[in-house]
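# Structural overview for review
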Amino acid sequence: EAEELSILSVCCMRQSKYDKALQYAKACNKLDRESGDAERISSSLNTIGSIYVAAKQPHEAMRYLTQALQYAEETGLKPRIALTCGSLSETAFALNHYDEAIRYINRAIQLEREEGREAKLHIRLSQKATILAGMGKKQEAVEIFDSIIPYFRTTGNHQSLAISLNKAGQALLDMSHTHEA
């Protein structure tokens, strides 16, 4: 039943039905807590946090994501910790807590490297470049985008490729490099 609630919460979130998404996600989290499974608890807390991020409520998101990280660390599962750190980095950035955002994303990047998860590593690097661009460190961001765009091209990850190209182009335009953009 928890898995079905989780799926329903994500479906509602994608339709911008945040109140309904939160209802399902919190019901899922209740079942996960009853099970005592730290990985499932972390996952459902991460989902709740993601819904609050999508609903433009980063303070609430941070509360749930911080708890999600505690449970993820309890599991010792590096992919789960990296995922949660990635979510925390984006949320900290939305709160203008730039140093915190960089700390979280650097931790996520390190964990993905340790696990040898190339696809996820490149997504984390894209997240970092986005944060750097938002902090005004456009050149540093462009250098990261330039290093990851070929990977997205060769692996066929069209969504990440499009996002990275768009954000790299915007950073170049912001630096008045219209020809390169």
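You'll find the structure just up there.
Residues numbered from 1 in each chain as written. Predicted model: local features only at pLDDT ≥ 70, side-chain atom pairs only at ≥ 80, totals over all residues. Heavy atoms only, no water.

### Some points on the overall build of the chain
When helices and strands are counted, the chain shows nine helices and zero strands. Beginning at the N terminus, the succession of helices and strands in the chain can be written as α-α-α-α-α-α-α-α-α. Taken over C-alpha atoms, the radius of gyration comes to 17 Å for the chain, in line with the 16 Å a tight globule of 181 residues would show. A total of 181 residues make up the chain; the buried ones form 43% of that total. Residue pairs in contact within the chain that sit at least 24 positions apart in sequence constitute 48% of those at least 6 positions apart. (Helix = DSSP H or I, 4+ residues; strand = E, 2+ residues; numbered from the N terminus. Rg over C-alpha atoms; globule rule 2.2 N^0.38 Å. Buried < 20%, exposed > 50% of the residue type's maximum accessible area, 1.4 Å probe, protein only. Contact = heavy atoms within 4.5 Å.)

### Remarks on helix 4 (residues 58-75)
A rise of 1.5 Å per residue sets the reference length of helix 4, with its 18 residues, at 26 Å; its end C-alpha atoms lie 25 Å apart and thus fit the reference within 8%. Inspection of helix 4 places Pro58, Ala61, Met62, Tyr64, Leu65, Ala68, Leu69 and Ala72 among the buried residues, and these make up the whole buried set. Elements in contact with the buried residues of helix 4: helix 2 (18-35), helix 3 (38-54), helix 5 (78-94) and helix 6 (98-115). Where helix 4 terminates, the next one or two residues include glycine 76, which has phi positive at roughly 75°. (Expected span 1.5 Å × (residues − 1).)

### With respect to helix 8 (residues 138-155)
Taking 1.5 Å per residue as the helical rise, helix 8 with its 18 residues ought to reach 26 Å, and the 26 Å between its terminal C-alpha atoms agrees with that figure. Taking the largest bend as the criterion, helix 8 deviates by roughly 30°, centred on isoleucine 148, and proline proline 150 comes between one and four positions later. Those residues of helix 8 lying buried are Lys138, Ala141, Val142, Ile144, Phe145, Ile148, Ile149 and Phe152. Packed against the buried residues of helix 8 are helix 7 (118-134) and helix 9 (158-174). (Bend = angle between axes of the 7 residues up to and from the residue.)

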